[in-house]
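Residue-level structure breakdown
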Amino acid sequence: MLPDRISVDNLIAYVRSLHPNGGPLDHLSDAIVTGRELSDQADAVIGHFVDQARASGASWSQIGQAMGVTKQAAQKRFTARDEPLVPEGKAFTGFTPRARIAVAAAGQLAEADKDGTIDTAHLAAGALLDPAGLAAKATRRLGVTAEQVYDALDVGIPTSSADPEPEALLGLHYSPGCREAFKQALRAALRLGHNYIGTEHLLLGAVANDGPVPEALATLGLRADLVEGAITIEIADAVLQRRRDLAGAPAQQRHQPG
């Protein structure tokens, strides 16, 4: 049985709360959006435990049996996530230059670390590469250095490179956990009202779920809620500074997406 917090009654109340004065069609639209979000989250949860089962040595036949589907159906559903990360051929085009460099740096770490597959630890480390990026600034605001993060994640020190073309990042290999971090980064950007993916969103994506990487970062004080709070403050400070600059002479535009 599902916990009370996600019971049908609670979900209905949640949907109604989105537009308290809305009509039936408003509620229906909100219910569809909510259903999609829940479906994405449910798929991520199932995928997490599929990964755990595979890591423990379970076969696809055993996984399919546990899921109530055939071996082929289970394998097709969850190995599809290893296909290139190409949503309509536009992957990474919405990333800032710093974020693209962060992903490239994560790829370099992965090559040096093991088999070239980028996981969440590599992505988190890459996000802190540029000290001028919002991810690095937010981390420092919380009293944590990039070096402490690298040590906690045990992935080496990322190195900088030229801003890669989005297409160059499509050929890299991403673990299921890293792909989920990208999804969470997008959700973080939408939640913050941003139309781009910066280093701050990559860091939020890395700390969003359970697992060894969020746990390691939490021991440093980099919990998801604290990281998002620090990022929000950094953004507010940057906006305030920009207003001060624009009011002065000569005007300078200091803030750029991280």
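All figures in this text were calculated on a predicted structure; none of them were measured in a lab. (Residues numbered from 1 in each chain as written. Predicted model: local features only at pLDDT ≥ 70, side-chain atom pairs only at ≥ 80, totals over all residues. Heavy atoms only, no water.)

1. Focus on the overall build of the protein
Worth spelling out the cut-off: A run of DSSP states H or I qualifies as a helix once it reaches four residues; a run of E qualifies as a strand once it reaches two. Both are numbered from the N-terminal end. Note on classification: 1.4 Å probe, protein chains only; a residue is buried when its accessible area is under 20% of the maximum for its type, exposed when over 50%, partly exposed between these limits. What makes two residues a contact is simply this: any of their non-hydrogen atoms within 4.5 Å. For accessible areas, the Shrake-Rupley method is used with a probe of radius 1.4 Å. Any residue's cover is judged against the shown protein chains and nothing else.
Per the secondary structure count, the protein includes 13 helices and two strands. Taking all 258 residues of the protein together, 38% fall into the buried category. For the protein, the proportion of contacts with a sequence separation of at least 24, taken over those separated by at least 6, is 65%. When the accessible surface of the protein is summed, it comes to about 14700 Å², and 55% of that surface belongs to carbon and sulfur atoms.

2. Quick word on the nonpolar core
Test applied: What is meant by a nonpolar core is a set of buried Ala, Val, Leu, Ile, Met, Phe, Trp, Tyr and Cys residues, joined one to another through side-chain atoms within 4.5 Å.
Ranked by size, the top nonpolar core spans 50 residues in total, and within it Phe 92, Val 103, Leu 153, Phe 182 and Leu 202 carry the most contacts. Here the element with the most residues in this core is helix H5 (residues 97–113); it accounts for seven residues.

3. Observations concerning the environment of Gln 108
With respect to the secondary-structure elements, Gln 108 resides in helix H5. Sequence separation between Gln 108 and Ser 161 is 53 residues, and the spatial gap between their C-alpha atoms is 9.9 Å. Leaving out residues up to four positions away in the same chain, Gln 108 has contacts with Thr 159 and Ser 161.

4. Things to note about a nonpolar patch on the surface
Applicable threshold: Patch definition: residues with relative accessible area over 30% and no salt bridge; like charges joined within 9 Å; nonpolar side chains (Val, Leu, Ile, Met, Phe, Trp, Tyr) joined within 5 Å. For salt bridges, the criterion is a side-chain nitrogen of Lys or Arg within 4 Å of an Asp or Glu carboxyl oxygen.
Residues Leu 25, Leu 28 and Ile 32 make up a contiguous nonpolar surface patch of about 310 Å² in total accessible area. Its location among the elements puts Leu 25 in helix H2 (residues 24–55).

5. A word on unusual backbone geometry
Positive phi values are uncommon outside glycine, yet Asp 154 reaches one of about 55°. Relative to the helices and strands, Asp 154 is located in the loop between helix H8 (146–153) and helix H9 (166–170).

6. Overview of the packing of aromatic side chains
Put simply, the rule reads: Each Phe, Tyr or Trp ring (for Trp, its six-membered ring) is paired with any other whose centre lies within 6.5 Å, and the angle between the two planes then decides the class: stacked below 30 degrees, edge-to-face above 60, tilted in between.
A full pass over the atoms with the stated rule returns five aromatic pairs. Ring centres of Tyr 174 and Phe 182 lie 5.4 Å apart, and the angle between their planes is 75°; this geometry places the pair in the edge-to-face category. As far as the burial class goes, Tyr 174 and Phe 182 line up, both buried. Grouped by ring-pair contacts, the aromatic residues Phe 92, Phe 95, Tyr 174 and Phe 182 constitute a single cluster.

7. Some thoughts on a negative patch on the surface
How we decide: Residues counted as positive are Lys and Arg, residues counted as negative are Asp and Glu, and His and the chain ends are not counted. Note on charges: their place is set at NZ of Lys, CZ of Arg, CG of Asp or CD of Glu.
A cluster of acidic side chains, namely Glu 111, Asp 113, Asp 115, Glu 147, Asp 151 and Asp 154, defines a negative patch on the protein surface. Contributing elements (two or more residues each) for the negative patch: H5 and H8. Tracing the backbone through its elements, the reader meets Glu 147 in helix H8.

8. Some points on the environment of Ala 104
With respect to the helices and strands, the residue Ala 104 is situated in helix H5. For Ala 104, a relative accessible area of 14% translates into the label buried.

9. Some points on H5
So the rule is basically this: The span one expects for a helix is its residue count, reduced by one, times 1.5 Å.
For H5, which comprises 17 residues, the first-to-last C-alpha distance of 24 Å matches the rise-based estimate of 24 Å (1.5 Å per residue) to within 8%. Along H5, the positions that sit buried rather than exposed are Ala 99, Arg 100, Ile 101, Ala 102, Val 103, Ala 104, Ala 105, Ala 106, Gly 107, Leu 109 and Ala 110. Looking at the buried residues of H5, the elements they touch are strand S1 (117–118), helix H6 (120–127), H9, strand S2 (173–174), helix H10 (176–191) and helix H11 (199–206).

10. As for the pattern of salt bridges
Opposite charge on two side chains lets them pair, provided their charged atoms get close. Applying the stated rule across the entire model yields seven salt bridges. Note that Asp 237 is salt-bridged to Arg 141, the shortest N-O span being 2.7 Å. Of this pair, Asp 237 sits in helix H13 (residues 224–247) while Arg 141 sits in helix H7 (residues 134–141), placing them 96 residues apart in sequence. Exposure remark for Asp 237: the relative accessible area of 36% places this residue in the partly exposed category. Among the charged side chains, a network of salt bridges with common partners joins Arg 141, Glu 234 and Asp 237.

11. A closer look at the confidence of the model for the protein
For clarity, the cut-off: Within a predicted model, pLDDT stands for the predictor's per-residue confidence, ranging from 0 to 100.
Chain-level statistics for the protein give a pLDDT mean of 82 and a share of 85% at 70 or above. Contacts from residues 80–89, a stretch scored under 50 in pLDDT, to residues over four places away or in other chains number 18 contacts.

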